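# Structural description and commentary
Single-letter residue listing:
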Amino acid sequence: LCEHPHTYTLGKSGKPEHLLLDEAALAAHEASFHRINRGGDITYHGPGQLVGYPILDLDNFRPDIHWYLRMLEEAVILTLAEYGLNAGRIAGLTGVWLDWEEGAPNPRKICALGVKCSRWVTLHGFALNVNPDLSYFGHIVPCGITDKAVTSLARELGSTRSVSVAEVQERLLPHLLALLEDELLMALPLVPMHEECPVAPVMQVGEDALAGGTGGGNKQSEKGEEAFSGEKPNPFAVLAQLKKKNQ
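Just so you know, these numbers come straight off a predicted model, no measurement behind them.

Next up on the list: the confidence of the model for the protein chain. Scored by pLDDT, the protein chain comes out at a mean of 81, with 75% of its residues at no less than 70. Predicted confidence in the protein chain is weakest over strand S10 (residues 220-221), with a mean pLDDT of 40, and strongest over strand S4 (residues 49-52), with 98.

Okay, here's the thing in structure tokens:
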């Protein structure tokens, strides 16, 4: 978890023309530009933005890049709810949004995601706008999306309260760890000690669930747009039953 100096990054599927500054203008704004190997288009990183780079082996959780993206989004959504914001997802657009419901008048992105996964090990991550200088987004076509705005936690809260990156980090990290713990418990090969003690099944996900629907066995993927769905047993309830039986 960190903050960056003023930086623009272009993903592998991005268009260079979505950067609206030339080299001289970049220097005037004290910003740098980098081509990187994550999925997605162009985005901005800078002071006041909480950037997270989880490095995880998804073989230890769930080898499904779609699940991983939705999990990162959920951690941000739960964090924003603590500030009274109703954040959510827009179908087909990775990230976390406000006014995300269908037909809402002013959908705006508050958190961008762009990841790479190689042999199920994750790279890159998310960027949550806490209190950055949003004018820097005006020098790009953010994520290649032309018809939606960008916002920040500070802008949404207005003058009601100030918020720091450090404070948001302290609120987000427990949600992220709890969601990962849930999945880790679900993946444990638990052995029932009594027929009345149910055990969560191990989730099996093949490489056909990779982002963009690509398969081929190369175990590499860019960011995905599909949401994971499906009901699962409560891992904490399962674990509690096993502990109770052991006692």
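A word on unusual backbone geometry. Within the chain, Glu-30 stands out as a residue other than glycine whose phi angle is a positive 55°. Here Glu-30 lies in the loop between helix H1 (23-28) and strand S2 (32-35). Here Glu-30 falls in the exposed class, since its relative accessible area comes to 66%. Even without glycine at this site, Cys-143 takes up a positive phi of about 60°. Looking at the element boundaries, Cys-143 is found in the loop between strand S8 (121-129) and strand S9 (149-150). Taking relative accessible area as the criterion, Cys-143 reaches 23% and is therefore assigned partly exposed.

On to the side chain of His-18, then. When you line up the elements, His-18 lands in the loop between strand S1 (7-10) and H1. Within the structure, the side chain of His-18 is placed 2.9 Å from the side chain of Asp-41, a separation counted as a polar contact. Every residue in contact with His-18, bar those within four places of it in the chain, is listed here: Asp-41, Ile-42, His-139, Ile-140, Val-141 and Gly-144.

Okay, the pattern of salt bridges next. One pass over the full model with this rule turns up ten salt bridges. Here Glu-73 ties to Arg-89 by a salt bridge, and the two come within 2.7 Å at their closest N and O atoms. Of the two residues, Glu-73 sits in helix H2 (residues 65-81) while Arg-89 sits in strand S5 (residues 88-90), which places them 16 residues apart along the sequence. Asp-147 is paired through a salt bridge with Lys-148; the nearest N and O atoms lie 3.5 Å apart. In this structure Asp-147 comes out as exposed when scored by relative accessible area, which is 58%. Given the relative accessible area of 23%, Lys-148 is considered partly exposed. Within the structure, one salt-bridge network assembled from shared partners comprises Arg-70, Glu-73, Glu-74 and Arg-89.

Rules behind the numbers
Residues numbered from 1 in each chain as written. Predicted model: local features only at pLDDT ≥ 70, side-chain atom pairs only at ≥ 80, totals over all residues. Heavy atoms only, no water. pLDDT = per-residue confidence, 0-100. Helix = DSSP H or I, 4+ residues; strand = E, 2+ residues; numbered from the N terminus. Buried < 20%, exposed > 50% of the residue type's maximum accessible area, 1.4 Å probe, protein only. Polar contact = N/O pair within 3.5 Å; in protein donor to acceptor, adjacent residues only side chain to side chain. Contact = heavy atoms within 4.5 Å. Salt bridge = Lys/Arg side-chain N within 4 Å of Asp/Glu carboxyl O.

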